[in-house]
Amino acid sequence: MITYQAEGTKMPSIRKRDTTAWIRKVAESYGKRVGEVGYLFVDDDKILSVNNEYLGHDFYTDIITFDYCEGDTLNGDIVISTDTVRSNAQLFGKEYDDELHRVIIHGILHLCGIDDKGPGQRQQMEEAENQALAML
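Residues numbered from 1 in each chain as written. Predicted model: local features only at pLDDT ≥ 70, side-chain atom pairs only at ≥ 80, totals over all residues. Heavy atoms only, no water.

Colleague: Just give me the short version of the overall build of the protein, but keep the residues and values in it.
Modeller: Within the protein, the regular secondary structure consists of five helices and four strands. Each helix and strand of the protein, placed in order from N terminus to C terminus, yields the pattern β-α-β-α-β-β-α-α-α. Since a compact globule built from 136 residues should have a radius of gyration of about 14 Å, the 14 Å found for the protein is in line with a globular shape. Considering only C-alpha atoms, the protein reaches an extent of 35 × 35 × 30 Å along its principal axes. Buried residues in the protein amount to 45% of all 136 residues. Long-range contacts, defined here as pairs at least 24 residues apart, represent 62% of the contacts in the protein between residues at least 6 apart. A total accessible area of about 7600 Å² is found for the protein, and carbon and sulfur atoms account for 45% of it. The protein carries 14 positive and 24 negative side-chain charges, and their two centres are separated by 7 Å. (Helix = DSSP H or I, 4+ residues; strand = E, 2+ residues; numbered from the N terminus. Rg over C-alpha atoms; globule rule 2.2 N^0.38 Å. Buried < 20%, exposed > 50% of the residue type's maximum accessible area, 1.4 Å probe, protein only. Contact = heavy atoms within 4.5 Å. Areas by Shrake-Rupley, 256 points an atom, 1.4 Å probe, with all protein chains shown as cover. Lys, Arg positive; Asp, Glu negative; His and termini not counted. Charge placed at Lys NZ, Arg CZ, Asp CG, Glu CD.)

Colleague: Describe in detail the packing of helix 4 (residues 96–111) against helix 5 (residues 121–134), supporting the description with residues and values.
Modeller: In the contact formed by helix 4 and helix 5, the axes pass within 10 Å of each other and the chain directions differ by 115 degrees. Along this stretch, helix 4 crosses helix 5, giving a crossing that reads as right-handed. When helix 4 is examined against helix 5, the residues His101, Arg102, Ile105, His106, Leu109 and His110 are found in contact with a partner set consisting of Arg122, Met125, Glu126, Ala128, Glu129, Asn130, Ala132 and Leu133. Within the contact of helix 4 with helix 5, the residues separate by chemical class into six nonpolar, four polar and four charged. (Axes fitted to C-alpha atoms, helices over the stretch in contact; angles between N-to-C directions. Left-handed = near helix turned anticlockwise from the far one by under 90°. Nonpolar A, V, L, I, M, F, W, Y, C, P; charged D, E, K, R; others polar.)

Colleague: Before we move on, can you summarise the side chain of Asp116 with the specific residues and values?
Modeller: Along the chain, Asp116 turns up in the loop between helix 4 and helix 5. For Asp116, a relative accessible area of 11% corresponds to the buried category. Within polar-contact distance, the side chain of Asp116 engages the side chain of His106 at 3.1 Å. Beyond its immediate chain neighbours, meaning those up to four positions away, Asp116 contacts His106, His110, Gln121, Arg122 and Met125. (Polar contact = N/O pair within 3.5 Å; in protein donor to acceptor, adjacent residues only side chain to side chain.)

Encoded structure:
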């Protein structure tokens, strides 16, 4: 089950049924199935608080993914700052909805085992994001 909630910000106008089907399709392409995945859309203040409290990081980010996966079943909580997504969309010259979808699937790709912190991994993540976005 995939849930979508907002705290301190307006719920993005995503088509939940279509987004859920897309997420499931992307997960299946990695041999995974979706268990319990919760999306929480927040403002910058909240994501900074979560980043401080759970990761010890004192900076803003667009997404934080908490991985509770078991075997091939994706379970996790994904916190997304709509403020940072909007800022990044402007910075990169993208439409807000396109950037939001990229971030939504970024969290799922982390749950599928794709990392973006090590050498060359950022490029792998971007390629995976582009492949997933083509499935939307």
